[in-house]
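Take a look at the letters that make up each chain.
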Amino acid sequence: MFKDFKETIKSFMDHDPAAKSPIEIVLLYPGFRALRSHRHARWFLDHGMPFAARYISQRSARKTGIEIHPGATIGKRVCIDHGTGIVIGETAEVGDDVMIYQGVTLGGTGKDVGKRHPTIESGVMIGAGAKVLGPITVGRNAKVAAGAVVVNDVDPNCTVVGIPGRVVRIDGERVDDLDQINIPDPVMAEIRKNKIKIEELENKIKELEAKKQ
């Protein structure tokens, strides 16, 4: 348990340039506190005390603004940056080394039973305000852009943008220098292509009109 404690602190230090010291993370970071509370809540749930587990999770949600259901599975070295507004559902599964920004929802669609929430595999980054909904899987090392809404499976090493989320492949490989904002938007790319075509057609019309005169 102490090893997990140290690894989680190191993950926050590695991901957050604003972090000045481990003690600052332990005492002041809501994401760290929410993750530690979840470990405690999960212990009570696994030992047949669901009311105590829910009490811990709801108390943590009021204090941190981060709601993690006791039944959710959270891996090692997960980092929650800022964290306000994050909701992680009961059957969600989050792998190791996952980065989650504020306002993220790992929720259900309201139509599924049993496994209702997403599986986020290791190494995934989920940008601010993104919504990942339903019993889908986001593959290893994938990136979900800020504000994206994902309702379908995402292959490993892919980038998802837009509403609904669309996968962007760049040379078939993960692009490591992308952050949660500067990610190509396929919708805007198509709009730009259409704009160029319209301009070409307008120029041709002008040429034809000039020849008639």
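See the structure printed just above.
Small disclaimer: the values here were computed from a predicted structure and weren't measured.

## Description of the sheet that holds strand β13 (residues 149-150)
Right, so step 1: Reading across from one edge, β1-β4-β7-β10-β13 is the order of the five strands in this open sheet, with parallel pairing throughout. With one partner strand each, in any of the chains shown, β1 (67-68) and β13 form the two edges of the open sheet.
Right, so step 2: Pairing between β1 and strand β4 (residues 87-88): two bridges, direction parallel. Bridged to Glu67 within β4 is Val87.

## Some words on the nonpolar core
Across soluble globular proteins, nonpolar side chains show a tendency to be buried alongside one another.
Right, so step 1: With 40 residues, the main nonpolar core has Ile68, Ile88 and Leu106 as its most contacted residues.
Right, so step 2: Elements with a minimum of two residues in this core: α1 (2-15), α3 (30-46), β3 (79-80), β6 (99-100) and β9 (125-126).
Right, so step 3: Broken down by element, the residue count for this core peaks at three residues, all from α3.
Right, so step 4: Once you skip the residues sitting within four places of it in the chain, Leu106 turns out to touch Val87, Ile88, Gly89, Ala92, Val94, His117, Pro118, Ile120, Ile126 and Val132.

## Quick notes on the pattern of salt bridges
Right, so step 1: Applying the stated criterion across every chain yields a total of six salt bridges.
Right, so step 2: Between Glu7 and Arg77 there is a salt bridge, with its nearest N and O atoms 3.2 Å apart. Placement of the pair is Glu7 in helix α1 and Arg77 in the loop between β2 (73-74) and β3, with a sequence separation of 70 residues.
Right, so step 3: Across the salt bridge formed by Asp14 and Lys10, the nearest N and O atoms sit 2.9 Å from each other. You can see Asp14 and its partner Lys10 sitting in helix α1, four residues apart, about one turn around the helix.
Right, so step 4: Look at Asp14 and you get exposed, because its relative accessible area is 53%.
Right, so step 5: For Lys10, a relative accessible area of 52% corresponds to the exposed category.

## Describing unusual backbone geometry
Right, so step 1: The backbone of Arg77 sits at a positive phi, close to 55°, despite the residue not being glycine.
Right, so step 2: Take Arg77: its relative accessible area is 24%, and that puts it in the partly exposed class.
Right, so step 3: Phi is positive for Asn141, close to 60°, though the residue is something other than glycine.
Right, so step 4: One can find Asn141 in the loop between β11 (137-138) and β12 (143-144).

The rules behind each value
- Residues numbered from 1 in each chain as written.
- Predicted model: local features only at pLDDT ≥ 70, side-chain atom pairs only at ≥ 80, totals over all residues.
- Heavy atoms only, no water.
- Pairing = 2+ DSSP bridges.
- Helix = DSSP H or I, 4+ residues; strand = E, 2+ residues; numbered from the N terminus.
- Core = buried A, V, L, I, M, F, W, Y, C linked by side-chain atoms within 4.5 Å.
- Buried < 20%, exposed > 50% of the residue type's maximum accessible area, 1.4 Å probe, protein only.
- Contact = heavy atoms within 4.5 Å.
- Salt bridge = Lys/Arg side-chain N within 4 Å of Asp/Glu carboxyl O.

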